Amino acid sequence: MKEVKFKIDGRECTALKGQNLIEAAKANGIFIPTLCYFKHLNPLGSCRICTVKNNGRPIAGCTLTIDEGMDIEVNSAELLDLRKAILEMMFVEGNHFCPSCEKSGDCEMQNLGYETGIRYARFPHLFVDRVVDARPERIVVNQNRCIKCKRCIEEIETNDGHKVFNFTNRGNQTMVSVDYEQEAKLSEQQAEHAMRICPTGSILVKGKSFGKPFGDRQYDFAKADTNIPLTDLKKHIKKDKKKKRVATTSLAGCFGCHMSMLDIDLGLFDLVDIVEFDKSPLTDFKKFDERCDIGLIEGGCCNTDNIEVLRKFRKHCDILISVGECAIWGGVPAIRNTLPLEDCLKEAYLDSLTSEENETVIPNHEDIPKILDKVYCNHEVVKIDYHIPGCPPNANHIWNVVKNILFEEDYSITYPEFKYD
Amino acid sequence: MDRTHLLNELWQYQLKFGFISDKAISRISKKLNVSIVEIESVITFYHFFHQKPTGEYIIYLNNSIISDIKGYEAVKAAFEKETGCTFNEDGDKEFSLFDTSCIGMSDQEPAALINFLPFTDLTPNKVKHIIASLKNGENLEDLASKTKSKIQYHPEGEKAIIFRPYEMGKSIEEGLKFTPEEIVNKISKAKLLGLGGAFFPVGYKWNSCKNNEADTKYIICNADEGEPGTFKDRALFQYLPGLVIEGMILAGYATGAKEGIIYLRAEYQYFKDKIEDVLSVFRKANLLGENILGVKDFDFEIRIQLGAGSYVCGAASALIESLEGRRGEPPVRFWSATKHGFRHKPTVVNNVETLAYASRIIELGEDHFLSMGTEESPGTKLLSISGDVAKPGIYEIEFGTSIIDLLGIEMSQATSPYFIQVSGPSGECVNNTEFNRRICKEDIMCGGSFMVFNRTRDILNILRNFMEFFKEESCGVCTPCRAGNYILTEKVKKMQRGLSSQEDIEEIKQWGKIIKLSSRCGLGKSSPNSLIYAVDKFKDYFNLKIPPTNEFLNVEFDMEDAVQEFDSFIKDTQT
Ligand SMILES: Cc1cc2nc3c(=O)[nH]c(=O)nc-3n(C[C@H](O)[C@H](O)[C@H](O)COP(=O)(O)O)c2cc1C
Ligand code: SF4
Ligand code: SF4
Ligand code: SF4
Ligand code: FES
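Calculation rules
- Numbers given to residues run from 1 along each chain, matching the order in which its sequence is written.
- Written order decides the labels, with chains lettered from A and ligands numbered from 1.
- Per-residue local features are limited, in this predicted model, to residues with pLDDT of at least 70; the limit for side-chain atom pairs, both in listing and counting, is 80 or more; totals at the level of whole chains, interfaces and linings are taken over all residues.
- The side-chain values count all of the structure's non-hydrogen atoms but skip hydrogen atoms and water molecules.
- UniProt positions are given in the numbering used here, feature names are shortened, and annotations may be inferred rather than shown by experiment.
- For helices the rule is a DSSP run of H or I covering at least 4 residues; for strands it is a run of E covering at least 2, with both sets numbered from the N terminus onward.
- Buried, partly exposed and exposed residues are distinguished by accessible area as a fraction of the type maximum, computed with a 1.4 Å probe on protein chains only: under 20%, between the cut-offs, and over 50%, respectively.
- The contact criterion used throughout is that any non-hydrogen atoms of two residues lie within 4.5 Å.
- For accessible areas, the Shrake-Rupley method is used with a probe of radius 1.4 Å. Any residue's cover is judged against the shown protein chains and nothing else.
- The sign given to each residue is positive for Lys and Arg and negative for Asp and Glu; His and the chain ends receive no count.
- Lysine's charge is taken at NZ, arginine's at CZ, aspartate's at CG and glutamate's at CD.
- What gets called buried area is simply the loss in accessible area from a 1.4 Å probe that two parts show on being joined, summed for both.
- A pair is scored as a salt bridge if a Lys or Arg side-chain nitrogen falls within 4 Å of a carboxyl oxygen belonging to Asp or Glu.
- Polar contact is defined as a pair of N or O atoms within 3.5 Å, subject to the rule that within protein one atom must be able to donate a hydrogen and the other to accept it, and that residues adjacent in sequence are counted only when both atoms are side-chain atoms.
- Note that Gly is not counted as nonpolar here; it falls among the polar residues with everything else outside the nonpolar set of Ala, Val, Leu, Ile, Met, Phe, Trp, Tyr, Cys and Pro and the charged set of Asp, Glu, Lys and Arg.
- Each pair of strands is called paired provided DSSP finds at least two bridges between the two strands.
- The domain limits used here are those given by an automatic or database domain assignment.
- Throughout this document, a residue counts as near a molecule or strand when at least one of its heavy atoms sits within 4 Å of that molecule or strand.
- Only buried Ala, Val, Leu, Ile, Met, Phe, Trp, Tyr and Cys residues count toward a nonpolar core, and they belong to the same one when joined by side-chain atoms within 4.5 Å.
- Fitted lines through C-alpha atoms give the axes, limited to the stretch in contact for helices. The angle between two N-to-C directions lies from 0 to 180 degrees.
- Think of a 1 Å grid over just the protein atoms. A cavity is a set of points where a 1.4 Å probe fits yet cannot get out, a pocket is an open set with protein on both sides within 12 Å along at least five of seven lines, and lining residues have an atom within 4 Å of a point.
- Grid points are joined across faces, edges and corners, and a volume is the space filled by probe spheres set on the points.
- By definition here, a helix of n residues has an expected span of 1.5 Å times n minus one.

- Chain B goes by NAD(P)H-dependent oxidoreductase subunit E in an unreviewed UniProt entry, where it is assigned to Winogradskyella vincentii.
- Of the comments in the UniProt record for chain B, the one headed Sequence similarities (unreviewed entry) reads "Belongs to the complex I 51 kDa subunit family."

- Looking at an unreviewed UniProt entry, chain A carries the name (2Fe-2S)-binding protein, with the source organism given as Winogradskyella vincentii.
- Within the UniProt record for chain A, the comment given under Cofactor (unreviewed entry) is "[4Fe-4S] cluster".

Dropping the structure here:
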């Protein structure tokens, strides 16, 4: 084959004519993110993460073969944002509760989320009720996490060449279905292969769900000494100056984020030298005393009180930060969003195992808040200025962001310092 | 069994039993030696295949925007009341009710198909009568409507290209005077553009198929006509089926193809037999078959393939997938259909109307064609006009005709036109400052759908209908189209609830652009168009929807609405 010249983002590159762009770019030291692309499979072109422009025309990079003189755009601001947006679509289309996902830390999709710097999704989460199919012999398919990349459909076959997976339905209802008859013919090895090629936590092999222990997972890099240092707090101690004011609250959260806030150990002593707390569970002040510089919000809104508190925070704080997954998009409490409120209330108060017939009632009184039809994330209710992902976010991460904002320092937290789990 | 027969096989079960049972699926999967899930993947892709039993009468009610403004809701309620069934659920032994995308009857809405026979201009009273008659055991066919659309306009006398007297075999006779090469040249010279919506030069397409050597080639007539608001292909088949068939034969002659397939959308199966009849007449006249009109080795045959309810199958590449018995997912393309198309052989896919024009160009000569229309788009074009006009129907207009003329007293007689949708949901909307724009390549093209909405129509309602259409009809294979159209639908719904801000307007534009840029096929590349255009072209309307920004940076959020479910459940259980 002939060697040809082409350009990526203005840089001269060479490759064999007809080579796949993803591979050719890699050989020239340029990384193009991919998800559905899989070495030996025909390019599936389904996820569209790899979208590039070829001579100005947008196309999925994995479906492009190199030819002489191609002018390819990969990392323009527009395309970087586009890739991030497509990933965000995947997050909102499925129900990706990373903190409770077996694949977390080993997940190609999650990793790309880190790679592209997703802190929150610009799109509203769709919260579609999706099935977890445990009927197959060896595997479980969790539709909440499937991104319809088609890898399993193309790759997994029985020894006699029958497909095990295929799409059913179409449009937004499209899902991957399992052929139970064929699945039963898979060997343990073949089933594990299916789990491995699935770029998300959608296909799991029964009894093998955790491939690797936490900490050792492919995208963990969680060595103790790489913890983000919280430094230079002291230099901001100015006796004459008024301390910065911080307020915090926990809405529909688990207080885990507040626990994490306290997790900076001795750093706390430095912290209280530069900031003072207004309304917060840490101080137990119930009302705002003064205007605050920053409000930290843990949890989203599941009832009317949450909404009111959040609106109060917006009114009294210059800057509002959503801390943690629940605040950012609903998190664990939002698991109920895929079901009608009625079903949730019935299950919790009327038909639960411990409820007694005719003795049950749904709490309802003018003094207690009403439950909202779904859990809303904070930026659906008020303007949120920053988002700190994590479940919970690392303590140093939280305070570094706060410090950075308060003192207008240049500090960016990049992967692998933040996590969704 | 050959996989290309799969759709027909499934149709046999569907029509005979009203659904395709697990047993049938298992049988078919054995015949094809593929897994069961593979058959299910095809069945569940197509709207008209069912896996659960349906009633004796399956009713598909069109839910397009034109149906909507003509009384869809009331008709729907009437169907539910009279049958006692609910839409989009299983139904009972007698009736099953389903919504369906545009059935190509926009000049006679609301319209429905009952066991694939047309029932048009429905009203609650009419529905009452129909259902009562069916319950009485009356013959369905006797109750069905005539569907021929009115031809409301065509250029006068000799100038008309399509709607002029038709004489069977004339274009073929004329065409056989030339070599295939010359036919291609004539079509190229006439600058005929594909009229299915993409406006690709026909001569170029035929030429490249002609030049690709292969033992077998195919001509496919794309009669999937799925763009809401279009019904010109139906009208052509009802008025001039021979003209379309001759176009296919000429395309075969020009390219060397010997087999033609009409991919007929399932919604049009009520005139399938009539086309079959015409085909037999053609065969008897030796216009089809072997050594056509005595030309040695010029053989051509045509068969009809029924679709099964999928808009995206109108896209040429998806259509070929569907013909091959698969889901209608537009494949990742490395070559054009004229090189590797149906069964991997050189294939020409042309729209019904395109083929009819090709016949006329050969019959009348390219100069006649070139004497009309504009420089870049010569000739005439068929439009299907519907909505708030006094005279909905088919219009053969000269390219270059202005929108204001189309709306005027001489033509469709629109009443206070406000929002015009040109080329259907995937096209472009036009406001009243643009009414002097002209339908032609130089200005704004129109694939055939021309929908007129007056001042009383709510724009967000129109846009929501469009977005729901795309959400439903996306093939689902790529992320931006599958998830993106869903997200945009939710956005429109939110705005309808009065919860919009300037930010929403900006986001519609940004998100729409992302979907357009990254989607795999034409569906996703055009689905956000209407929405993006509308927010700019109808600023006054949208400004009214946006409340002034508030001091405390609260986002539009409706607490009353959010607790309504709780309140009503408490009311139901505790009083
Ligand atoms: C989503 C989608 C739907 C389409 N639907 C139709 C259709 O219903 N009928 C049609 O003729 N062309 C349709 N097309 C255009 C076809 O892809 C193709 O361009 C056309 O059939 C070629 O014929 P022409 O050049 O004669 O127009 C559609 C394209 C897309 C992307
Ligand atoms: S780890 Fe991956 S698959 Fe699991 S929830 Fe997170 S993104 Fe989804
Ligand atoms: S199950 Fe996994 S491999 Fe299969 S389509 Fe979904 S995400 Fe891809
Ligand atoms: S753009 Fe839509 S219809 Fe086209 S391939 Fe993608 S999902 Fe399918
Ligand atoms: S990696 Fe190219 S489309 Fe998925």
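1. Concerning the overall build of chain A
- In terms of helices and strands, chain A carries 12 helices and 17 strands.
- By principal-axis analysis of the C-alpha atoms, chain A measures approximately 75 × 65 × 40 Å.
- When the 421 residues of chain A are sorted by exposure, 55% land in the buried category.
- Taking the intrachain contacts of chain A between residues at least 6 apart in sequence as the baseline, contacts between residues at least 24 apart amount to 70%.
- When the accessible surface of chain A is summed, it comes to about 19100 Å², and 50% of that surface belongs to carbon and sulfur atoms.
- Looking at chain A, you have 55 positive and 65 negative side-chain charges, and the mean spots of the two groups are 5 Å apart.

2. Brief notes about the interface of chain A and chain B
- The interface of chain A with chain B comprises 70 residues on the first partner and 60 residues on the second.
- Buried area between chain A and chain B, both sides added, is near 5500 Å², and the carbon and sulfur share of it is 63%.
- Among the residues chain A hides against chain B, the three largest losses belong to M89, R170 and N172 of chain A. Together they make up 14% of the total.
- Our count for the contact surface shared by chain A and chain B stands at six salt bridges.
- Residue E473 of chain B pairs with R170 of chain A through a salt bridge whose shortest N-O separation is 3.3 Å.
- If you look at where chain A meets chain B, you find 25 residue pairs in polar contact (both at pLDDT 80 or more).
- Counting residues per element, the ones that place at least two in the side of chain A that touches chain B are β3 (51-54), α2 (77-93), β8 (165-168), β9 (175-178), α5 (180-183), α9 (304-316), α11 (341-350) and β16 (371-376) of chain A.
- Counted by class, the side of chain A that touches chain B contains 32 nonpolar, 16 polar and 22 charged residues.

3. Comments concerning the pairing of β3 of chain A
Residue and element names in this part refer to chain A.
- Side-chain alternation along β3 places T51 and K53 on one buried face and V52 and N54 on a second face that is also buried.
- Bridge analysis of β3 against strand β4 (residues 57-60) gives four bridges, and the strand direction is antiparallel. The residue of β4 that forms the bridge with K53 is P58.
- Remark: two residues form the turn of the hairpin made by β3 and β4, two consecutive strands paired antiparallel; N55 in that turn has positive phi of roughly 50°.

4. Considering the pattern of salt bridges
- This model, assessed by the stated rule, comprises 64 salt bridges over all chains.
- Across the salt bridge formed by K189 of chain B and E366 of chain B, the nearest N and O atoms sit 3.5 Å from each other. Taken together, the positions of K189 of chain B in helix α9 (residues 180-189) and E366 of chain B in helix α16 (residues 366-370) put the pair 177 residues apart, joining distant regions of the chain.
- For E366 of chain B, a relative accessible area of 9% gives the class buried.
- Between R360 of chain B and E363 of chain B there is a salt bridge whose closest N-O contact spans 3.0 Å. With R360 of chain B and E363 of chain B both in helix α15 (residues 352-364) and three residues apart, this pair spans about one turn of that helix.
- Given a relative accessible area of 14%, E363 of chain B falls into the buried group.
- Each of K242, R245, E276, D278 and E290 of chain A takes part in one network of salt bridges that share partners.

5. Some points on the domain arrangement of chain B
All names here are of chain B.
- Each domain of chain B was delimited in the assignment, giving domain 1 (3-45), domain 2 (57-143), domain 3 (152-370), domain 4 (382-454) and domain 5 (459-545).
- On a C-alpha basis, the centres of domain 2 and domain 5 stand 29 Å from each other.
- Looking only at domain 2, the three residues that lose the most surface to domain 5 are I65, D68 and S101, adding up to 87% of its buried area.
- Across the domain 2-domain 5 interface, the total number found is four residue pairs in polar contact (both at pLDDT 80 or more).

6. Thoughts on the site of ligand 2
- Looking at ligand 2, the residues that line it are F91, H96, F97, C98, C101, S104, C107, Q110, R145, T200 and G201 of chain A.
- When its residues are assigned to classes, the shell around ligand 2 shows five nonpolar, five polar and one charged.

7. Digging into the environment of D558 of chain B
Residue and element names in this part refer to chain B.
- Among the structural elements, D558 can be located in the loop between α23 (539-545) and α24 (559-574).
- In sequence terms D558 and L113 are 445 residues apart; their C-alpha atoms lie 40 Å from each other.
- In this structure the side chain of D558 is engaged in a polar contact, spanning 3.2 Å, whose partner is the backbone nitrogen of E560.
- Among the polar contacts made by the side chain of D558, one reaches the main-chain amide nitrogen of D561 at a distance of 3.1 Å.

8. Comments concerning the nonpolar core
- In terms of nonpolar packing, the biggest core is built from 219 residues, with F165 of chain A together with F79, W206 and F542 of chain B touching the most fellow members.
- For this core, the element with the most residues is helix α12 (residues 241-255) of chain B, which contributes nine residues.
- With residues up to four places along the chain from it excluded, the contact list for W206 of chain B reads I183, V184, I187, G247, L250, A251, A254, T255, V348, N350, L355 and A358 of chain B.

9. Quick notes on the sheet that holds strand β5 (residues 71-73) of chain A
All names here are of chain A.
- Pairing is mixed in the open sheet, where five strands are placed in the order β2-β1-β5-β3-β4. Strands at the two margins of the open sheet, each flanked by one partner only, are β2 (11-16) and β4. Strand-to-strand twist of the sheet, defined as the mean angle between neighbouring strand axes without regard to direction, takes the value 35°.
- Of the pairings in the sheet, the one linking strand β1 (residues 3-8) to β5 comprises two bridges and is parallel in character. Residue K7 lies in a different strand from β5, and its bridge partner there is D71.
- Its contacts with the sheet place α2 against β3 and β5, and it is angled at close to 150° to β3.

10. Structural notes on the UniProt feature "domain: 4Fe-4S His(Cys)3-ligated-type" (unreviewed entry) in chain A
- Residues annotated by UniProt as "domain: 4Fe-4S His(Cys)3-ligated-type" (unreviewed entry) correspond here to residues 78-117 of chain A.
- Helix makes up 60% of residues 78-117 of chain A and strand makes up 0%, while its end C-alpha atoms are separated by 15 Å.

11. Quick notes on the pairing of strand β9 (residues 347-351) of chain B
Residues and elements named next belong to chain B.
- With respect to burial, β9 is a largely interior element, five of its five residues being buried.
- Burial of β9 is two-sided: the residues T347, V349 and N351 facing one way and the residues V348 and N350 facing the other way are all buried.
- Bridging between strand β6 (residues 218-223) and β9 involves five bridges; their strand directions are parallel. Its bridge partner lying in β9, I220 is registered against V349.

12. Digging into empty space enclosed by the protein
Residues and elements named next belong to chain A.
- If you walk through the whole model with that rule in mind, you get seven cavities of 30 Å³ or more.
- What the largest cavity holds in volume is close to 170 Å³.
- Taken together, 15 residues line the largest cavity, and the ones lying closest to its centre are F91, I118, E325, W329 and Y420.
- Examining the composition of the lining of the largest cavity, we find that three residues originate from one element, helix α10 (residues 325-329), more than from any other.
- In the lining of the largest cavity, the residues fall into 10 nonpolar, two polar and three charged.
- Looking at which domains feed residues into the lining of the largest cavity, each of domain 2 (92-205) and domain 3 (224-417) supplies at least three.

13. A look at α12 of chain B
Residues and elements named next belong to chain B.
- Under the 1.5 Å per step criterion, the end-to-end length of α12 is 21 Å for 15 residues, consistent within 8% with the ideal 21 Å.
- Here α12 lies mainly inside the structure; 15 of its 15 residues are buried.
- At the exit of α12 stands G256, carrying a positive phi of roughly 90°.

14. Considering the site of ligand 4
- C475, C478, C481, C521 and G524 of chain B are the nearest of the 13 residues found near ligand 4.
- A class-by-class count of the residues in the shell around ligand 4 yields eight nonpolar, four polar and one charged.

15. Points about the environment of I153 of chain A
Residues and elements named next belong to chain A.
- Note on placement: I153 falls in helix α4 (residues 151-155).
- I153 gets classed as buried once you look at its relative accessible area, which sits at 2%.
- Put simply, I153 and T200 are 47 residues apart on the chain and 14 Å apart in space, counted from C-alpha to C-alpha.
- Sequence-distant contacts of I153, that is, excluding residues within four places in its chain, are made with K163, F165, N166, F167 and V176.

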